[in-house]
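Coordinate analysis (summary)
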Amino acid sequence: MQTLRQELTDRDREIAGKDEESERDKQTLRQELTRKEAEVTRAEETIRREQQQIQEMRQRETELVQAKDREIALQQQLGEKEQQIQEMRQRETELVQATDREIALLQGEKSQQSASYTCQVSGPGLTSATVNQPTHVLVQLTDSSGRPHSPPLNVTAQLELVSKATRTTTIWPWSKKQETLPNESHVSVAMTSPSQYEVSYTPVSRGQHKLHVQVNDREINSSPFAVTMYPDPRQLGHPVRTVTGLNLPYGIVFNSHQEMIVSEYLGHRVSIFDIRGQKIRTFGSHGGNPDKMKLPAGIATDDTDNIYVSSWHKLQKFTSSGELIKCIGQLGSEEGEFDVPRGVTLYDNQVYVCDRDNHRIQVFDLDLNFVRSIGSRGKGRGDFDAPLDVTFDTAGNMYIAEFSNGRVQVMDTSGQFIRVFGQEGEGKLHGPSGLHIADNYVYVSDYSGHCIVVYETSGQFVTSFGRRGQEEGEFPFCITSCAGGFIHVC
């Protein structure tokens, strides 16, 4: 019995142990099932995301296909437009060719009319003119046999402004502002004979112009012609301002800074003024030493603003600040000696000095080394009697004012005579002392006549202004310089 009970107990224990094991297996299975369910959930989520991505890719693919279709449609439209443009260009080319043929036909007709004409152009207005003064050019047209061309040809002309013309308005005697002037020159053409046409115009502004002359709308040979318009000297001579406090000013010149440099004859010094007319400085004092001055007269400057002064029997070179660089000369008639030197000017890197009482022009280099002498005393061509001033025109011709001969003599730089004027008739000079050339006109100060006399460079008298007196516009002695755009009279 006891054994049976023991077996039952053991069996119950065995059964209990199996139940516990079974429970553990169930628990393990439950955990495995939970894990598997989580994996399935994650797999389903991944599948959903992949399906969404596939859907988006299909949507983008659809959009790309649609864009490609639109691009193809646009390319087709572009091709159609290019074809239309090509057709338009073709039509344009055909029209141009047709126009060229018409022009060629018209030119052929005109050339048949004018192929054998000969043209000659002359007249005072062909190279220069004066503002507000009418001038003209004559155009002569003939056929090959010299007879008037038939039928008459169509002649036209225009005046073209090349350089800006300006009006100068005075603010101070040495400063000015400029404003552009209108170019309203009227040009007219009139047939004066069966073979001659007159081109007339009156310039309204100075400066460089081009005169175009056409026959049957074609420029003739040498057209356009270069024409220089000069100001009217008859409008000059109005006083601008008077500067006082100088002790007999003689020479005036301007440096590159537009400072006015004045030699004071009885002050034995040189005074320098700024653009407003205020005195900046002076240098020089009375004496016979090389750095001293006695009765300084002629004055000039070079490109570096060095100052050249003719003093008593000597020629001095100073820096712009008044420091002496070199002094040459003594009383005498040899090379480099002077007897009352007067006007000084620079041309082509040489210094020209009027040696008054030696009746000659002495020429030096910029270091004041003697180069040559021009002229001797006399009344003939190439002779001088008391030359007081010398200057040059743009062509390099030399103009000399002879006080005692009462004339202006023109020579080349080697001293060869060209012409003389001022000795007789209207514009007769009584004692020329100063010279300046501007705008194709020669301005001469007539010391004894107390006036400024204006000539063309050819020597033709133009006008004069001034009279004896002490008021504005009246000249007691009339030693003149023209610089900075104004006429300066001492």
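As a reminder, the structure under discussion sits directly above these lines.
To keep things clear, this report deals only with the structure shown in the data block. Quick caveat: nothing in here was measured; it's all calculated off a predicted structure. (Residues numbered from 1 in each chain as written. Predicted model: local features only at pLDDT ≥ 70, side-chain atom pairs only at ≥ 80, totals over all residues. Heavy atoms only, no water.)

With respect to the overall build of the protein
Looking only at helices and strands, the protein features one helix and 33 strands. Burial statistics for the protein: of 490 residues in total, 38% are counted as buried. Carbon and sulfur atoms form 47% of the exposed surface of the protein, whose accessible area is close to 28,100 Å². (Helix = DSSP H or I, 4+ residues; strand = E, 2+ residues; numbered from the N terminus. Buried < 20%, exposed > 50% of the residue type's maximum accessible area, 1.4 Å probe, protein only. Areas by Shrake-Rupley, 256 points an atom, 1.4 Å probe, with all protein chains shown as cover.)

Looking at the nonpolar core
Formed by 20 residues in total, the largest nonpolar core has its most connected members in Leu141, Tyr201, Leu211 and Val213. The set of elements that each furnish at least two residues to this core consists of β3 (135-142), β4 (155-161), β8 (196-201), β9 (207-215) and β11 (225-230). Dropping the residues within four chain positions of it, Leu211 is found in contact with Gly125, Val137, Gln158, Leu159, Tyr201, Ser223, Pro224, Phe225 and Val227. (Core = buried A, V, L, I, M, F, W, Y, C linked by side-chain atoms within 4.5 Å. Contact = heavy atoms within 4.5 Å.)

Thoughts on the sheet that holds strand β12 (residues 249-254)
Judged by pairing direction, the sheet is antiparallel, and its four strands sit side by side in the order β12-β13-β14-β15 without closing on themselves. The sheet is open, and its two borders are formed by β12 and β15 (279-283), each paired with just one other strand. Between one strand and the next, the sheet's axes are offset by a mean angle of 20 degrees, whatever the strand orientation. Inspection of the sheet shows β12 paired to strand β13 (residues 260-264) by five bridges, in the antiparallel sense. For Val253, the partnering residue across the bridge sits in β13 and is Ile261. (Pairing = 2+ DSSP bridges. Axes fitted to C-alpha atoms, helices over the stretch in contact; angles between N-to-C directions.)

Concerning the packing of aromatic side chains
In this structure the tally under the stated criterion is nine aromatic pairs. Measuring from ring centre to ring centre gives 4.2 Å for Tyr347 and Phe392, while their planes differ by 10 degrees; the resulting arrangement is stacked. With a gap of 45 residues between them, Tyr347 in strand β20 (residues 341-347) and Phe392 in strand β24 (residues 387-392) connect regions that are remote in the sequence. Among the residues examined, Tyr347 registers a relative accessible area of 26% and is labelled partly exposed. Look at Phe392 and you get buried, because its relative accessible area is 11%. Between Tyr455 and Phe461 the ring centres are 6.2 Å apart and the planes differ by 75 degrees, which places this aromatic pair in the edge-to-face class. Each member of the pair, Tyr455 together with Phe461, is buried. These aromatic residues form a ring-pair network of at least three members: Phe338, Phe364 and Phe370. (Phe/Tyr/Trp six-rings, centres within 6.5 Å; stacked < 30°, edge-to-face > 60°.)

Examining the pattern of salt bridges
Under the criterion given, the structure shown has eleven salt bridges. Among the salt bridges present, the one from Arg35 reaches Glu39, with a minimum N-O distance of 2.7 Å. Taken as a pair, Arg35 and Glu39 lie in helix α1 (residues 2-114) at a separation of four residues, close to a single helical turn. Given a relative accessible area of 37%, Arg35 falls into the partly exposed group. Among the ionic pairs, Asp355 bridges to Arg360, the shortest N-O distance being 2.9 Å. What emerges from the salt-bridge pattern is a single network uniting Glu32, Arg35, Lys36 and Glu39. (Salt bridge = Lys/Arg side-chain N within 4 Å of Asp/Glu carboxyl O.)

Details of the sheet that holds strand β25 (residues 398-402)
The strands making up a sheet are joined through hydrogen bonds of the backbone, oriented either antiparallel or parallel. On the basis of which strands lie adjacent, the open sheet formed by four strands has the order β24-β25-β26-β27 and antiparallel pairing. Single-partner strands in this sheet number two, and they are β24 and β27 (417-421). Sheet twist, expressed as the mean angle between neighbouring strand axes with direction ignored, is 20 degrees. Two elements, strand β26 (residues 407-411) and β27, share four bridges in a ladder whose sense is antiparallel. Paired with Gln409 across the two strands is Val420, which belongs to β27.

Re the pairing of β26
Taken across its five residues, β26 has five buried, putting it largely inside the fold. With burial as the criterion, each face of β26 is covered, one bearing Arg407, Gln409 and Met411 and the other bearing Val408 and Val410. Taken together, the five bridges between β25 and β26 define a ladder with antiparallel strand orientation. Residue pairing across strands places Tyr399 opposite Val410, the latter belonging to β26. As consecutive antiparallel partners, β25 and β26 are separated by four residues, and within that stretch Gly406 has a phi angle of approximately 60 degrees, a positive value. Between β26 and β27, which follow one another and run antiparallel, lie five residues, and Gly415 among them has a positive phi close to 95 degrees.

Focus on unusual backbone geometry
Geometrically, the link from Ser223 to Pro224 is a cis peptide bond, its omega value of 5 degrees lying close to zero. Relative to the helices and strands, Pro224 is located in the loop between β10 (218-219) and β11. Even without being glycine, Ser222 reaches a positive phi, approximately 75 degrees. Position of Ser222 relative to the elements: it lies in the loop between β10 and β11.

Topic: the side chain of Ser263
Structurally, Ser263 can be placed in strand β13. Separated by 2.8 Å, the side chain of Ser263 and the backbone nitrogen of Gly251 make a polar contact. What Ser263 contacts, discounting residues up to four positions off in sequence, is Leu248, Pro249, Tyr250, Gly251, Arg269, Val270, Pro296, Ala297 and Ile299. (Polar contact = N/O pair within 3.5 Å; in protein donor to acceptor, adjacent residues only side chain to side chain.)

Nothing here speaks to function; it is all geometry.
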